[in-house]
Amino acid sequence: MKIDLTDTTSSKINAALMEARRASGSTAAGMVLTLVIVTDEGSAYDALKAANDASREHPSRTLAVIKRAGRSPRARAETRLDAEILVGTAAGSGETVVLRMHGELAAHAQSVVLPLLLPDAPVVVWWPENAPLHPAQDPLGSIAQRRITDAVTAESPVGQLAQRAQSYTPGDTDLAWTRITGWRSMLAAALDQRPSEVTSAVVEGESYNPSVELLGLWLHNRLHVPVERVVTGGPGITAVHLRTKDGDITLDRPDGLMGTLSMPGSPDRQVALKRRETSELIAEELRRLDPDDIYATAVRTPVERLSQPDTAETEAAEEATRAVVSEAAVANPTRVTAKVQDASEPAGEAGPAKKAPAKRTGKKASS
């Protein structure tokens, strides 16, 4: 059922919801939370589709707040609230209300949303794009128990992590963190099956992907080992290597679909690591409404820690490079120029041929 209301009020929207519920034969709400989506017209369709799919696991009242302040003085002077109500199969397993706020009303969205919240039910606010700098201080974010952002949609996704760390308030989370749940589970299970002392780790993934950085920061915090960040072509995270004395524990996913888990002394195994849809990510976040302390610890760790080279390793790499240059000068003097230029690079960027690219890409990813 779909109901359109033009130039309406919150009380009229509530009355229309009650009438639609009676018409559909369901007098009880039967919903567990209120999901407030703050978006624009361009992202509204995808966000609502994801919320409707997630509502099949978490029946909820979804309020989509679309602010249309207007571009001209005349449009900004016109204050109006238009609503589109969806009940039944069109709204998944809950109710959906699309609120289009015109003019000055766009600056006071909380006054419209508050009367529409389900009584005695938790509130979750989700910004698919253009999240505020301080979600907990936002008028809509301040009424929620959980606040969901997505760093990947920011102009500088990796730089957005620093802002999330600065503004973190218990109840905040980010879909960049949710995307690595499968990776964290697989790596933790691998170490449970084969307890080993991890000496270092390498995380490989595409550039400007905050999920790659968060996975590296999580490994750094939990294992207390240096983590190297290597840039690849993607998609997303492509591999994680845990260095141990017995050999590498490797989780490799080059195609974004299936992963391969390799452990010393064990045959390789195929594991499911498919890149998930937004609806699955939202459904996972709605399963818990308490603060995520592990995310808080990871996001508050400076990204620069992923690119700090080990001092002993750097000195060994420089010495090995000098030896390679000397041998090349004796074997073929005409090819020494390029190698001498590599050897004159700043400390931490020189090293054996197979390791130097990883360190250089690690520094680029953290910038």
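Rules used throughout
- Residues numbered from 1 in each chain as written.
- Predicted model: local features only at pLDDT ≥ 70, side-chain atom pairs only at ≥ 80, totals over all residues.
- Heavy atoms only, no water.
- Helix = DSSP H or I, 4+ residues; strand = E, 2+ residues; numbered from the N terminus.
- Buried < 20%, exposed > 50% of the residue type's maximum accessible area, 1.4 Å probe, protein only.
- Contact = heavy atoms within 4.5 Å.
- Areas by Shrake-Rupley, 256 points an atom, 1.4 Å probe, with all protein chains shown as cover.
- Salt bridge = Lys/Arg side-chain N within 4 Å of Asp/Glu carboxyl O.
- Pairing = 2+ DSSP bridges.
- Right-handed = clockwise from strand over helix to strand, strands pointing away.
- Axes fitted to C-alpha atoms, helices over the stretch in contact; angles between N-to-C directions.
- Core = buried A, V, L, I, M, F, W, Y, C linked by side-chain atoms within 4.5 Å.
- Phe/Tyr/Trp six-rings, centres within 6.5 Å; stacked < 30°, edge-to-face > 60°.
- Lys NZ or Arg CZ within 6 Å of the ring centre and 35° of its normal.
- pLDDT = per-residue confidence, 0-100.
- Expected span 1.5 Å × (residues − 1).
- Polar contact = N/O pair within 3.5 Å; in protein donor to acceptor, adjacent residues only side chain to side chain.

Scanning the protein from N- to C-terminus turns up 13 helices and 14 strands. Counting over 367 residues, the protein shows a buried share of 49%. Across the protein, the fraction of contacts at a sequence separation of at least 24, relative to all contacts at a separation of at least 6, is 69%. Summed over all atoms, the accessible surface of the protein reaches about 17,900 Å², with 51% contributed by carbon and sulfur.

A separate point is the pattern of salt bridges. Tallied over the full model, the rule gives 19 salt bridges. Of the charged contacts, one joins Arg68 and Glu41 as a salt bridge, the two residues approaching to 3.4 Å between their closest N and O atoms. One end of the pair, Arg68, is in strand S3 (residues 60-68); the other, Glu41, is in helix H2 (residues 41-54), and 27 residues separate them in sequence. Residue classification places Glu41 among the partly exposed residues on the basis of a relative accessible area of 36%. Taking the shortest distance from any N to any O, the salt bridge between Glu95 and Arg61 comes out at 3.0 Å. With Glu95 in strand S5 (residues 95-102) and Arg61 in strand S3, the pair connects residues that are 34 residues apart, well separated along the chain.

Bringing the pairing of S3 into the picture now. Of all the nine residues making up S3, seven are buried; the element is thus mostly covered by neighbouring parts of the structure. Pairing of strand S2 (residues 33-39) with S3, which is carried by seven bridges, proceeds in the parallel orientation. Paired with Thr34 across the strands is Arg61, a residue of S3. Chirality of the crossover, the property in question, places the unit of S2, H2 and S3 among those that are right-handed.

Read across the sheet, six strands follow the order S10-S9-S11-S12-S13-S14 without closing on themselves; strand pairing throughout is mixed. Pairing within the sheet leaves two strands with one partner each, and these edge strands are strand S10 (227-232) and strand S14 (269-272). The mean angle between the axes of side-by-side strands here comes to 20°, regardless of whether they run parallel or antiparallel. Of the pairings in the sheet, the one linking strand S9 (residues 198-206) to strand S11 (residues 237-244) comprises seven bridges and is antiparallel in character. Within S11, the residue paired with Val202 across the bridge is His241. Relative to the sheet, helix H7 (residues 181-193) contacts S9, S11, strand S12 (247-252), strand S13 (258-262) and S14, its axis offset from that of S11 by approximately 25°. Lying on the sheet, helix H8 (residues 210-223) is in contact with S9, S10 and S11; it crosses S9 at an angle near 170°.

What follows deals with the nonpolar core. Counting residues in each nonpolar core, the largest one holds 37 residues, and the members touching the most others are Leu187, Leu215, Leu219, Val240 and Leu242. Among the secondary structure elements, those contributing two or more residues to this core are helix H5 (157-166), helix H6 (175-178), H7, S9, H8, S11, S12 and helix H10 (293-299). A total of six residues in this core trace back to one element, the largest contributor, which is H8. Setting aside residues up to four positions removed in sequence, Val240 forms contacts with Trp183, Leu187, Val202, Val203, Leu215, Leu219, Ile249, Thr250 and Leu251.

Let us now look at the packing of aromatic side chains. Applying the stated rule across the entire model yields two aromatic pairs. Relative to Tyr295, the ring of Trp177 has its centre 5.8 Å away and its plane inclined at 55°; by these criteria the two rings are tilted. Within this pair, whereas Trp177 is found in helix H6, its partner Tyr295 is found in helix H10, the two being separated by 118 residues in sequence. The burial state of Trp177 is the same as that of Tyr295; both residues are buried. Here the aromatic cluster, defined as three or more aromatic residues joined through ring pairs, consists of Tyr168, Trp177 and Tyr295. In this structure, Arg184 is placed above the aromatic ring of Trp218, and the distance from its NZ or CZ to the ring centre is 5.8 Å.

Moving on, we come to the side chain of Thr173. Looking at where Thr173 falls in the secondary structure, it is placed in strand S8 (residues 172-174). What makes Thr173 buried here is its relative accessible area of 1%. Contacts of Thr173, omitting those with residues within four sequence positions, involve Arg146, Arg147, Ile148, Thr149, Glu285 and Tyr295.

Bringing the pairing of S5 into the picture now. With seven of eight residues buried, S5 lies mostly within the body of the structure. As judged from the eight bridges shared by S3 and S5, these two strands associate in the parallel manner. Within the sheet, the bridge partner assigned to Ile66 lies in S5 and is Arg100.

Before going further, it helps to spend a moment on the confidence of the model for the protein. Model confidence for the protein is summarised by a mean pLDDT of 82, while 80% of its residues fall at 70 or above. Every residue in residues 308-318 scores below 50 in pLDDT, and together they form eleven contacts with partners more than four places removed in sequence or on other chains. Throughout residues 320-367 the model reports pLDDT below 50, and contacts reaching past four residues in sequence, or to other chains, amount to 50 contacts.

Here we take up the environment of Ala190. Counting through the fold element by element, Ala190 comes out in helix H7. Placed 59 residues apart in sequence, Ala190 and Ile249 show a C-alpha to C-alpha distance of 7.8 Å. Filtering out sequence-adjacent residues up to four positions away, Ala190 remains in contact with Ile249, Leu261 and Met263.

Next up on the list: H8. Residues three or four positions apart in an α-helix share a direction because the helix packs 3.6 residues into each turn. For H8, which comprises 14 residues, the first-to-last C-alpha distance of 20 Å matches the rise-based estimate of 20 Å (1.5 Å per residue) to within 8%. Buried within H8 are the following residues: Pro210, Ser211, Val212, Glu213, Leu214, Leu215, Gly216, Leu217, Trp218, Leu219, His220 and Asn221. The distance from a side-chain oxygen at the start of H8 to the backbone nitrogen of Ser211 is 2.9 Å, and the residue carrying that oxygen is Asn209.

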